[in-house]
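Per-entry structural report
Single-letter residue listing:
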Amino acid sequence: MNMIALVCRAAAEASGRGESITQRKLAAALGISLGKANSLVRQAAQAGYVSASNLELTAAGRAYLDNFKVDNAIVLAAGFGSRFVPLTLETPKGLLEVHGEPMLERQLRQLREAGIEEIILVVGYMKERFEYLVDKFGVKLLFNPEYSSKNNLASLYHAREYLSSSYILVADNWMEHNMFHRWEPDSWLSGLYFEGPTSEWVVTFGAKGRIKRLDIGGHDAWAVVGPGHFTREFSAQFRTLLEEAYATPGTEDWYFEHVIKENLDQLPIQVKRMGTHGVREFESLAELREFDQSYQDRTNSAIMARIADALDIREGEIRAIEPLKNGLTNASFRFTVNGHDFVYRMPQEGANEWIDRAAEQAAYSALEHLNLTDQIVWFDPVSGHRITRYCSGARRLDATVRQELLDGIGGLKKAHEAGLFVAHRRDPVEDIVRLRGLSEGRGAIRFQDYAAVVALVERLAALPTEADARPVLTHGDFTESNVLVLPDGSVRLIDWELAGMGDPLGDLASFAVAAGMELEQVRELLDLYLGRPAGPQEQRRLYKWIALTAFANTLWAEYRQSMGEELGAYPLVMYRYVKDFGPLALEPA
């Protein structure tokens, strides 16, 4: 490290506080011996930067120090924070309070107190929740459109034009003491010492602190946690390597530290050892509860309060929270209360625009005696939020295992043939009408031949089927992920949110589309369901529902993407199903 510049900085900061600094205070501030401090003071005085008698910064020292003035801070705040579900379903992790102050606000306040004028805040998830910080701290908001599909390398890439003499921070760190300064002469990453195992970036460094290796995970080691600083020279080199990494396939899950790890020969950087407490990065609600006792029974989360009220417990009894799948219509997580496991489900934004939650509740009531579904503990038919018992030891159906597929189909047929009735009709055509309104209303459709495909779908929707006059209770979203295989081999069909009276082959269509089945696999699936070879009319009937189901999925996916969620190839795959199976359904008998 440039120790002479650090001597000048210590002198300047003491003067700014109206204080004097002694060599003993200097040694404590820099974490060095008194003898080393004496030697540095002599060198700085010989260079004309400080007065040897009272360590006062000279004009030459001020000019020298200004070479290392920090230009800005870049704060990465775009991520979701999945390990803090359910709190982060309502509040970005960086805005969670610790001892009464949001973690991000604490860092922004510390930066301002250190004199950092320009702060760039890279946002993504719940971006609107950060807008007030423009007024409160004068930050500049920068949106990362790839926040849901890439890691924080992409966030720093989108802020790359600001890289200079820059602090690099993540929004969800908590610093006990202000570690920022107006001047920084070196490039460094802050580090904490971990006793035992850690999954953080572990550093191997030389005698002077220069990092020689970066590895994910280690044991009894120093690891990167908290802010870092890049000098102007470092940033210039890093920016080029960052752009190269961003353009390289396979780096979607990279953190910005990956760029440093792969280029340590070109990116000299040191570890700034903070001891064991200087910076905190909370990995779970359990860790936060341990540090801030107010979280024991008050998390400021409406979801946690709802669980406590529904189960008649204290929030502190909700433990072992674990995120589960986040689908196109719902987000869910598992939790434990007094040794019993549950699942909480929360509808995604917009899902209730086309899903009838009262109809879902009615379907569960009708199916209850069959012992075929997940067990509902609490259900709100207005919002669609619900709590179910977790099926311990269960796993998702594997459609490549023939017996499991037969068992899943058997469970479906049991529901179809039970003679059950609910008032709600399961009509994919009505879903399509609603979803067209949602997606077209946002200008979300980007397919070139969309008008022609709409015409095809309208022809399919007008086709009568034999089952129209004899509807049964259908699942509506029968997929591998919604069929659980229990340890005893029995199956449970879960998530009946799209249930209603309809054509039983519509459930097979959902399964085929979700499993990515090709034509021959689709025909085999139908034969297995019927228990005999299907006739041409039955095949065309299934093809119709495949095309309509896929079109509804396409519309929903395009709608979600219009709100900033990137779904990759999914809408392309669904759209292709419409175009491949629609014409097959229209073939003459």
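Higher on the page you've got the structure.
Once a new chain begins, its residue numbering starts again from 1 and follows that chain's sequence as written. Predicted model: local features are reported for residues with pLDDT of at least 70 only, side-chain atom pairs are reported and counted for 80 or more only, and whole-chain, interface and lining totals are derived from all residues. Hydrogens and water are ignored here; the side-chain numbers use all heavy atoms of the structure.

Quick look at helix 15 (residues 428-441)
Rules: Numbering goes from the N terminus for both helices and strands, where a helix is a DSSP run of H or I of at least four residues and a strand is a run of E of at least two. Here a helix's expected span is defined as the number of its residues, less one, multiplied by 1.5 Å. Here's how the labels work: a residue is buried when its accessible area is under 20% of the maximum for its type, exposed when over 50%, partly exposed in between, all with a 1.4 Å probe on protein chains only.
A rise of 1.5 Å per residue sets the reference length of helix 15, with its 14 residues, at 20 Å; its end C-alpha atoms lie 19 Å apart and thus fit the reference within 8%. Burial in helix 15 covers these residues: P428, D431, I432, L435, L438 and S439. Positive backbone phi, approximately 65 degrees, marks G443, located one or two places after helix 15.

Observations regarding the layout of surface pockets
To keep it simple, the criterion reads: Space inside and on the surface of the protein is sampled on a 1 Å grid over the protein atoms alone, with a cavity defined as a set of points where a 1.4 Å probe fits but cannot get out and a pocket as an open set with protein on both sides within 12 Å along at least 5 of 7 lines; lining residues have an atom within 4 Å of a point. Grid points are joined across faces, edges and corners, and a volume is the space filled by probe spheres set on the points. In this count, Pro and Cys sit with the nonpolar residues alongside Ala, Val, Leu, Ile, Met, Phe, Trp and Tyr, while Asp, Glu, Lys and Arg are called charged and the others, Gly among them, polar.
The calculated volume of the second largest pocket comes to roughly 1,300 Å³. Lining the second largest pocket are 42 residues, and of these R9, A29, L30, H181 and K272 sit closest to its centre. Among the elements of the structure, helix 1 (3-16), helix 2 (23-30) and strand 10 (270-273) are those that each provide at least two residues to the lining of the second largest pocket. Counting residues per element, the lining of the second largest pocket draws most heavily on helix 1, which supplies seven residues. Considered class by class, the residues forming the lining of the second largest pocket number 19 nonpolar, 10 polar and 13 charged.

A word on the pattern of salt bridges
The condition that has to hold: Salt bridge criterion: a side-chain nitrogen from Lys or Arg within 4 Å of a carboxyl oxygen from Asp or Glu.
For the structure shown, the criterion picks out 39 salt bridges. Residue D297 is joined to R314 by a salt bridge in which the shortest nitrogen-to-oxygen separation is 3.0 Å. With D297 in the loop between helix 11 (285-291) and helix 12 (302-311) and R314 in the loop between helix 12 and strand 12 (318-326), the pair connects residues that are 17 residues apart, well separated along the chain. Here E520 makes a salt bridge to R523, at a shortest N to O gap of 3.0 Å. Here R523 and E520 lie together in helix 18 (residues 519-530), a separation of three residues that amounts to about one turn. Overall, the relative accessible area of 54% leaves E520 in the exposed class. The exposure class of R523 is partly exposed, given its relative accessible area of 29%. Because the salt bridges share partners, they merge into one network encompassing R345, R357, E360, D374, R386, D495 and E497.

A look at the environment of V483
Inclusion rule: By definition in these notes, contact holds between two residues if any of their heavy atoms fall within 4.5 Å.
Locating V483 in the fold gives a position in strand 19 (residues 483-485). V483 sits 12 residues away from D495 along the chain, and the two C-alpha atoms are 9.1 Å apart. Apart from residues no more than four positions distant in its own chain, V483 is found in contact with R395, R396, L397, G408, F478, V491, R492 and L493.

Looking at the nonpolar core
In plain terms, the rule: Buried residues of nine kinds, namely Ala, Val, Leu, Ile, Met, Phe, Trp, Tyr and Cys, make up a nonpolar core once their side-chain atoms join them within 4.5 Å.
The biggest cluster of nonpolar side chains holds 68 residues, and the ones touching the most others in it are L473, I546 and F551. Per-element tally for this core: the top contributor is helix 19 (residues 536-562), with 12 residues. One finds L142, F234, V259 and V271 within the second-largest nonpolar core, a separate group that totals 33 residues.

A word on empty space enclosed by the protein
Unfilled space is identified by rolling a water-sized probe across the atoms. One pass over the structure, following the stated rule, counts one cavity of 30 Å³ or more. What lines the largest cavity is R426, P428, T474, G476, G502, D503, G506, D507, S510, W545 and T549. Breaking the lining of the largest cavity down by element, the ones donating at least two residues are helix 17 (505-515) and helix 19. The element that contributes the greatest number of residues to the lining of the largest cavity is helix 17, accounting for three residues. Of the residues that constitute the lining of the largest cavity, the class distribution is two nonpolar, six polar and three charged.

As for the sheet that holds strand 6 (residues 166-170)
The following threshold applies: When DSSP finds two or more bridges between a pair of strands, those strands are recorded as paired. The axes used here are C-alpha line fits, helices contributing only the stretch in contact, and every angle between their N-to-C directions lies in the interval 0 to 180 degrees.
Read from one edge to the other, the open sheet built from seven strands follows the order 5-4-1-6-9-8-10, with strand pairing classed as mixed. Taken across any chain shown, the strands that pair with only one partner, and hence form the sheet edges, are strand 5 (140-143) and strand 10. Direction aside, the axes of adjacent strands within the sheet are offset by 35 degrees on average. As judged from the four bridges shared by strand 4 (residues 118-123) and strand 5, these two strands associate in the parallel manner. Its bridge partner lying in strand 5, V122 is registered against L142. Most of the contacts of helix 6 (residues 103-113) go to strand 4, to which it runs at about 160 degrees, and overall it touches strand 1 (72-77), strand 4 and strand 6.

Details of the packing of aromatic side chains
So the rule is basically this: Whether two aromatic rings pair depends on their centres lying within 6.5 Å, for rings of Phe, Tyr and Trp, where Trp uses its six-membered ring; planes under 30 degrees apart make the pair stacked, over 60 edge-to-face, and the rest tilted. Two limits define a charge over a ring: the Lys NZ or Arg CZ must be within 6 Å of the ring centre, and within 35 degrees of the ring normal.
With the rule as written, the count across this model stands at 23 aromatic pairs. Arranged with centres 5.6 Å apart and planes meeting at 65 degrees, the rings of Y193 and W222 form a pair that is edge-to-face. A residue pair is termed long-range when its members are at least 10 positions apart, and Y193 in strand 8 (residues 188-205) and W222 in strand 9 (residues 211-230) qualify at 29 residues. By the ring-pair criterion, three or more aromatic residues cluster together here, those being F230, F234, F238 and F256. Residue placement shows K272 over the ring face of W188; its charged tip is 4.3 Å from the ring centre.

Remarks on the pairing of strand 1
By the criterion of burial, strand 1 is predominantly enclosed, with six of the six residues buried. Neither face of strand 1 is open: one carries N72, I74 and L76, the other A73, V75 and A77, and all of them are buried. Bridge count for strand 1 against strand 6 is five bridges, and the pairing is parallel. If you follow I74 over to strand 6, its bridge partner there is I168.

Quick look at the environment of G16
Topologically, G16 is positioned in helix 1. Judged by its relative accessible area of 68%, G16 is exposed. Considered as a pair, G16 and W174 are 158 residues apart in the sequence and their alpha carbons are 26 Å apart.

Considerations on the packing of helix 17 against helix 19
Formally: Angular relationships are summarised with four words: roughly parallel below 35 degrees, roughly antiparallel beyond 145, roughly perpendicular across 65 to 115, and oblique for the angles in between. Whether a crossing is left-handed or right-handed is set by the direction in which the near helix is turned from the far one by less than a right angle, anticlockwise for left-handed and clockwise for right-handed.
Two elements in contact, helix 17 and helix 19, have axes separated by 8 Å at closest approach and are oriented at 60 degrees. Taken as axis vectors, helix 17 and helix 19 run oblique relative to one another. In this structure, helix 17 meets helix 19 at a crossing whose hand is right-handed. Every residue of helix 19 that contacts helix 17 at L505, G506, L508, A509, S510, A512 and V513 is listed here: E538, R541, L542, W545, I546, T549, A550 and N553.

Overview of the environment of N553
Relative to the helices and strands, N553 resides in helix 19. Sequence separation between N553 and P471 is 82 residues, and the spatial gap between their C-alpha atoms is 22 Å. Not counting chain neighbours up to four residues away, the residues in contact with N553 comprise V513, Y570 and M574.

Let's talk about the sheet that holds strand 17 (residues 395-396)
The antiparallel open sheet is built from three strands, whose spatial order is 17-19-20. The sheet is open, and its two edges are formed by strand 17 and strand 20 (491-493), each paired on a single side. Strand contacts of helix 14 (residues 402-416): strand 17, strand 19 and strand 20, with the helix running at about 50 degrees to strand 20, the strand carrying the most contacts.

A look at the pairing of strand 8
Bridging between strand 8 and strand 9 involves 15 bridges; their strand directions are antiparallel. Of the residues in strand 9, the one forming a bridge with T204 is R213. The hairpin turn running from strand 8 into strand 9, its antiparallel successor, is five residues long, and G209 in that turn takes a positive phi close to 90 degrees. The pairing of strand 8 with strand 10 spans four bridges and is parallel.

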